[in-house]
Amino acid sequence: EAQVTQNPRYLITVTGKKLTVTCSQNMNHEYMSWYRQDPGLGLRQIYYSMNVEVTDKGDVPEGYKVSRKEKRNFPLILESPSPNQTSLYFCASSSWTGRREQYFGPGTRLTVT
Amino acid sequence: EDQVTQSPEALRLQEGESSSLNCSYTVSGLRGLFWYRQDPGKGPEFLFTLYSAGEEKEKERLKATLTKKESFLHITAPKPEDSATYLCAVLNTGNQFYFGTGTSLTVIP
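Note that the coordinates shown come from a computational prediction; the quantities given were computed from them, not determined experimentally.

A.B. asks: Is there a simple way to think about the pairing of strand S5 (residues 45–50) of chain B in this case?
C.D. replies: Residues and elements named next belong to chain B. Most of S5 is tucked away, with five of its six residues classed as buried. Here five bridges tie strand S4 (residues 30–38) to S5, and the two strands are oriented antiparallel to one another. Bridging across to S5, phenylalanine 34 finds its partner in threonine 49. What sits between S4 and S5 in their antiparallel hairpin is a turn of six residues, with glycine 41 showing a positive phi close to 75°.

Following this line, the structure appears as structure tokens:
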């Protein structure tokens, strides 16, 4: 089954404690992306990657890091989380030909206290 | 700055009552305009991609259209199962996506 998986689905952490949210896709997609979704602000792109070892900043990259060492994986790293990073996070992947439709993961709800 | 604005924020329809959702956009260079459906607690699900003004796409009760400044999602004779939040997004020539804040649709039986 074609899918994007994220782990963990739920995470409560404290300010400053480094964390990683994993994202994996099994569709051999070139493009992968991270978004955060906040009430009233919608989905905002954090980082995206066109392929292995190629990453670029989205609209709201501050406080986040990413890496793309393998085509299927695109982890999101918060080196020193702060309460304003409390949000719902989605990973997505897309083939970069044809419709460029993004397949989204189930989301990770992060709370930073 | 690239931007997407959706209206209305919320829409309540009786079953069978057709209507349209609006997505207006400003983008430095448009590579595509996308419509997604999002159900509560889930990730967005792809509906359509439109590439150029005048293009139309249809799927069951949904029809998406595109002009140089906006897109419409027309819902014909909606059913309760069409209740969801509908998201519009643009992809610019820098390969970045910008999403609107969505229209929350409720279809009452």
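A.B. asks: How do you make sense of the state of the cysteines when you look at a structure like this?
C.D. replies: Working definition: the covalent bond between the sulfur atoms of two cysteines is a disulfide. Scanning the model with the defined rule gives two disulfides over all chains in all. Note that A:Cys23 is cross-linked by a disulfide to A:Cys91, the S-S spacing being 1.8 Å. Around the S-S axis, the bridge from A:Cys23 to A:Cys91 shows a dihedral of about -70° and counts as left-handed. Of the two residues, A:Cys23 sits in strand S3 (residues 19–25) while A:Cys91 sits in strand S9 (residues 87–94), which places them 68 residues apart along the sequence. The disulfide partner of B:Cys23 is B:Cys88, and the S-S distance across this bridge is 1.9 Å. The S-S bond linking B:Cys23 to B:Cys88 shows a torsion near -60°; that makes this disulfide left-handed. Taken as a pair, B:Cys23 in strand S3 (residues 19–26) and B:Cys88 in strand S9 (residues 84–92) lie far apart in primary sequence, 65 residues in all. Neither B:Cys23 nor B:Cys88 differs from the other in exposure class; each is buried.

A.B. asks: How should the side chain of A:Asp38 be read in this particular structure?
C.D. replies: Here A:Asp38 is to be found in strand S4 (residues 31–38). In this view, A:Asp38 contacts A:Arg44, A:Thr86 and A:Ser87; residues no more than four positions away in its chain are not counted.

A.B. asks: Sorry if this is basic, but what is going on with the pattern of salt bridges here?
C.D. replies: Any two side chains of opposite charge can pair if their charged atoms end up close together. Across all of its chains, the model carries eight salt bridges over all chains by this definition. Where B:Asp82 meets B:Arg61, a salt bridge forms, and the shortest distance between an N and an O atom there is 2.8 Å. Of this pair, B:Asp82 sits in the loop between strand S8 (70–75) and S9 while B:Arg61 sits in the loop between strand S6 (56–59) and strand S7 (62–66), placing them 21 residues apart in sequence. Through salt bridges with shared partners, a single network forms among A:Arg36, A:Asp38 and A:Arg44.

A.B. asks: Honestly, the packing of aromatic side chains in this entry has me stumped. Any pointers?
C.D. replies: Describing an aromatic ring pair means giving the distance of the ring centres and the angle of the ring planes. In this structure the tally under the stated criterion is 13 aromatic pairs over all chains. Seen from their ring centres, A:Trp96 and B:Phe97 are 6.5 Å apart, and the 80° between their planes marks the pair as edge-to-face. A residue pair is termed interchain when its members come from two chains, as with A:Trp96 in the loop between S9 and strand S10 (103–104) and B:Phe97 in strand S10 (residues 97–99). Like B:Phe97, A:Trp96 is buried. On the numbers, 6.3 Å between centres and 80° between planes, the contact of A:Phe104 with B:Phe99 is edge-to-face. One end of the pair, A:Phe104, is in strand S10; the other, B:Phe99, is in strand S10, on a second chain. Each member of the pair, A:Phe104 as well as B:Phe99, is classed as buried.

A.B. asks: Could you clarify how one ought to interpret the interface of chain B and chain A in this entry?
C.D. replies: Note: interface size is frequently given as the accessible area lost on complex formation between the parts. The interface is formed by 21 residues belonging to chain B together with 23 residues belonging to chain A. Taken over both partners, the interface formed by chain B and chain A buries close to 1,700 Å², and the fraction arising from carbon and sulfur atoms is 52%. It is B:Asn95, B:Phe97 and B:Phe99 in chain B that bury the most area against chain A; as a group they hold 28% of the surface buried on that side. Seen at the junction of chain B and chain A, the total is zero salt bridges. Summed over the shared surface of chain B and chain A, the number is seven residue pairs in polar contact (both at pLDDT 80 or more). Of all the secondary-structure elements, those providing two or more residues to the side of chain B that touches chain A are S4, S5, S9 and S10 of chain B. Counting residues per element, the side of chain B that touches chain A draws most heavily on S4(B), at four residues. Looking at the side of chain B that touches chain A residue by residue, the classes come out as ten nonpolar, nine polar and two charged.

What counts, and at which threshold
Residues numbered from 1 in each chain as written. Chains lettered and ligands numbered in written order. Predicted model: local features only at pLDDT ≥ 70, side-chain atom pairs only at ≥ 80, totals over all residues. Heavy atoms only, no water. Buried < 20%, exposed > 50% of the residue type's maximum accessible area, 1.4 Å probe, protein only. Helix = DSSP H or I, 4+ residues; strand = E, 2+ residues; numbered from the N terminus. Pairing = 2+ DSSP bridges. Disulfide = S-S within 2.5 Å. Contact = heavy atoms within 4.5 Å. Salt bridge = Lys/Arg side-chain N within 4 Å of Asp/Glu carboxyl O. Phe/Tyr/Trp six-rings, centres within 6.5 Å; stacked < 30°, edge-to-face > 60°. Buried area = accessible area lost by both parts, 1.4 Å probe. Polar contact = N/O pair within 3.5 Å; in protein donor to acceptor, adjacent residues only side chain to side chain. Nonpolar A, V, L, I, M, F, W, Y, C, P; charged D, E, K, R; others polar.

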